[in-house]
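Structural overview
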Amino acid sequence: MNIELNRLKSFTFWPRTNKQATPSNLAKAGFYHQPKVEANAQLAGQDRCVCFSCKLVVSDWTNKDHPWREHCNLKPTCAFVQGKTTNNVSLAISFAALPAERTDTVRE
Ligand SMILES: [Zn+2]
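The structure contained in this document is the topic of the report that follows. Keep in mind it's a predicted model, so treat the numbers as computed, not measured.

**What to know about the overall build of the protein chain**
Within the protein chain one finds four helices and three strands. Counting contacts in the protein chain only where the partners sit at least 6 residues apart, residues at least 24 apart contribute 46% of the total.

**Structural notes on the sheet that holds strand β1 (residues 31-33)**
The strand order across the open sheet formed by three strands is β1-β2-β3, and the pairing between neighbours is antiparallel. Edge positions in the open sheet fall to β1 and β3 (57-58), since each of these has one partner strand only. Sheet analysis places β1 next to strand β2 (residues 49-51), joined by three bridges and oriented antiparallel. Bridging across to β2, Phe31 finds its partner in Cys51.

**What about the environment of Ala29?**
Within the fold, Ala29 resides in the loop between α2 (23-28) and β1. Distance in space between the C-alpha atoms of Ala29 and His71 is 7.3 Å, their sequence separation being 42 residues. Ignoring any residue separated from it by four or fewer positions in sequence, one finds Ala29 in contact with Pro67, Trp68 and His71.

**A word on helix α3 (residues 67-74)**
An α-helical turn contains 3.6 residues, so any two residues separated by three or four positions project in the same direction. What α3 keeps buried is the set Pro67, Glu70 and His71. Seen from one end, α3 has its buried residues packed into an arc of 100 degrees, which puts them on one side. Residues Arg69 and Asn73 are exposed on α3 and point more than 90 degrees away from its buried face. Buried residues along α3 sit against α2, β1, β2 and β3.

**Some remarks on the nonpolar core**
Core analysis: the biggest nonpolar cluster contains 13 residues, and Leu26, Phe31, Tyr32, Cys49 and Cys51 have the highest contact counts within it. Listing elements by their share of this core, those giving two or more residues are α2, β1 and β2. Residue contacts for Cys49: discarding those within four places in its chain leaves Leu26, Phe31, Tyr32, His33, Gln34, Val58 and Ser59.

**Some thoughts on unusual backbone geometry**
In the Ramachandran plot, Lys55 falls in the positive-phi region, its phi being about 65 degrees despite a non-glycine side chain. Within the fold, Lys55 resides in the loop between β2 and β3. We note that Asp60 has phi near 55 degrees; this positive angle belongs to a residue other than glycine. As for its placement among the helices and strands, Asp60 is situated in the loop between β3 and α3. The exposure class assigned to Asp60 is exposed, which follows from the 12 C-beta atoms found within 10 Å.

**As for the environment of Thr17**
In this structure, Thr17 sits in the loop between α1 (4-9) and α2. Sequence separation of Thr17 and Asn63 is 46 residues, and the distance between their C-alpha atoms is 8.7 Å.

Criteria and cut-off values
Residues numbered from 1 in each chain as written. Predicted model: local features only at pLDDT ≥ 70, side-chain atom pairs only at ≥ 80, totals over all residues. Helix = DSSP H or I, 4+ residues; strand = E, 2+ residues; numbered from the N terminus. Contact = placed C-beta atoms within 7 Å. Pairing = 2+ DSSP bridges. Buried ≥ 20, exposed ≤ 12 C-beta atoms within 10 Å, placed from the backbone. Arc of directions from axis to C-beta. Core = buried A, V, L, I, M, F, W, Y, C linked by C-beta atoms within 7 Å.

Have a look at this one:
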């Protein structure tokens, strides 16, 4: 889950409609979606997120919670939060690594 694109994909069934805790913001802040799997979990635990780097678990996101700020407050020692070298692959890098698409027509 060090790849931001894969973290983003983990939020396919994200149960919240919060303005700040969006799949995009969460993935950018290092989180991936790992809801509780117990049958009786109901909504509690359904918005459980885990940091790929420090394994911090955060759930019960409120409208005031911003993923990056929560990450910094709850785990200031996280290497990803501190901007240290991690194996994170940001979305920008994933797209940059895709082959370029030709938009012109080839004349022979
Ligand atoms: Zn972390």
